[in-house]
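Per-entry structural report
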Amino acid sequence: MLAQGRVVAAAGPQGDLAQFEAGQEFLPLGGAAALAELWQDRHSELKESLEGDSSLSAVLAQAYFLFLEGDMDDAVMALGSVTGVRPDVAWGAAPWFGDGRFLGTVSAAALAEACLRTLDYGHDLDTDEMRRRFAPWFHALDVVSERNPVPESLAAMARLPRACGRYELSFALCDRADAADRTMWTAVARATTWRVMGDLNQAAAAFECALRLDSANWSLYLDLADVHAEQGDFVAAASLVEQGLEYEPHEVTLRAAGAAYRTRLSGSPEDLSALIALAPHLANTTYRNLLIDYACTGPKLPRRLVAEIHRIRRS
């Protein structure tokens, strides 16, 4: 246990406020050279002690071991997992994360996966403090995306700076991806960033671009329909859902959205009844409630049906 504590103490950022939990104690981090020496002297023992240990401290140590072994892809994914759990710690300040050997070797796909892992727990990253902590990540994105501009990976990478409010970096990654090859994934990443920024016209234009690149993708019709609904254009929203249903006629989310948008337009009791039947099957309760709110603003709806769907909304 003492050896593992020394391992973790060496694996993290130096000169930062970061701390790690080992048992019941919080210890300061630092001393990467000590871990490198320990790794050489007691490699087998330490590797065995860390295997199967999913604690934060163990995963952090494993990330540095992987770096020392030259496995940059698994190293960055391990660090992404740690960061997702505790983004309030500047794990990216670890010296190895900015090392030229790492930045020159890690694949775009692995860095993209690591970025997604930082977002796994839904923490709020859109603050000045978080942007400072993630600065090493932003540098890594810039370096790796220039060296290895794989469009799908860059589109995934763009989610991290978007979550941090670094919209210009998110767009820069999309531009770099488009320069390599125009793909649906990049168009969706661009559309989502515009939507988060509140520019629905630009978001709609980007989703239209995505549809031109993948016209049989039912989820793109729904995405674009939802943007038009936000704009108050329920005629366009309902029409787009119908187009999506041509490709996936049994998709519950599409069917529920279509019922909600038609109810909003016409006040149809039949469509509201359809939404009542479908709403409990929607896994995303936030989206479910949004559709219910749209539907309930339809004209002359029967009070009994409105009361029934409100009960679903409260559930």
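Residues numbered from 1 in each chain as written. Predicted model: local features only at pLDDT ≥ 70, side-chain atom pairs only at ≥ 80, totals over all residues. Heavy atoms only, no water.

Before going further, it helps to examine the overall build of the chain. Across its full length, the chain carries 20 helices and two strands. Expressed as a percentage of the 315 residues in the chain, the buried residues total 48%. When contacts within the chain are restricted to residue pairs at least 6 apart in sequence, those whose partners lie at least 24 apart make up 62%. Summed over its atoms, the accessible surface of the chain is roughly 14800 Å², and 50% of this surface lies on carbon and sulfur atoms. (Helix = DSSP H or I, 4+ residues; strand = E, 2+ residues; numbered from the N terminus. Buried < 20%, exposed > 50% of the residue type's maximum accessible area, 1.4 Å probe, protein only. Contact = heavy atoms within 4.5 Å. Areas by Shrake-Rupley, 256 points an atom, 1.4 Å probe, with all protein chains shown as cover.)

Counting residues in hydrophobic clusters, the biggest one holds 48 residues, and the most contacted among them are Val 76, Trp 96, Phe 102, Trp 137 and Met 157. Counting residues in hydrophobic clusters, the runner-up holds 46 residues, among them Ala 206, Ala 259, Tyr 261 and Ile 276. (Core = buried A, V, L, I, M, F, W, Y, C linked by side-chain atoms within 4.5 Å.)

With that out of the way, let us pick up the side chain of Arg 190. If you trace the backbone, Arg 190 turns up in helix H13 (residues 184-197). Side chain to side chain, Arg 190 and Asp 175 meet in a polar contact 3.1 Å long. Residue contacts for Arg 190: discarding those within four places in its chain leaves Phe 171, Cys 174, Asp 175, Asp 178 and Ala 206. (Polar contact = N/O pair within 3.5 Å; in protein donor to acceptor, adjacent residues only side chain to side chain.)

Another point: the packing of aromatic side chains. Evaluation of the coordinates by the stated rule reveals 12 aromatic pairs. Aromatic pair Tyr 64 and Phe 67: ring centres 5.8 Å apart, planes at 20°, arrangement stacked. Taken together, the positions of Tyr 64 and Phe 67, both in helix H4 (residues 56-68) and three residues apart, correspond to about one turn of that helix. Accessibility classification places Tyr 64 together with Phe 67 in one group, the buried group. Geometrically, the ring pair formed by Trp 96 and Phe 97 is edge-to-face, given 5.9 Å between the ring centres and 85° between the ring planes. Assigned by exposure class, Trp 96 and Phe 97 land together as buried. Among the aromatic side chains, those forming a connected cluster through ring pairs are Tyr 64, Phe 67, Trp 96, Phe 97, Phe 102, Phe 134 and Trp 137. (Phe/Tyr/Trp six-rings, centres within 6.5 Å; stacked < 30°, edge-to-face > 60°.)

Moving on: helix H12 (residues 167-180). Counted at 1.5 Å a residue, the expected span for H12 with its 14 residues is 20 Å, and the 20 Å between its end C-alpha atoms agrees. Within the span of H12, buried status applies to Leu 169, Ser 170, Phe 171, Leu 173, Cys 174, Ala 177 and Asp 178. Looking at the packing, one finds that the buried side of H12 touches helix H9 (135-147), helix H10 (151-157), helix H11 (159-163) and H13. (Expected span 1.5 Å × (residues − 1).)

Phi angles above zero are rare outside glycine, and Lys 300 is one such case at about 50°. Along the chain, Lys 300 turns up in the loop between helix H19 (285-295) and helix H20 (303-314). Assessed through its relative accessible area of 82%, Lys 300 is described here as exposed.

Applying the stated criterion to the full structure yields zero disulfides. The thiol of Cys 115 is not disulfide-bonded; the next cysteine sulfur, from Cys 164, is found 9.3 Å away. Residue Cys 115 is classed as buried on the basis of its relative accessible area, which comes to 0%. (Disulfide = S-S within 2.5 Å.)

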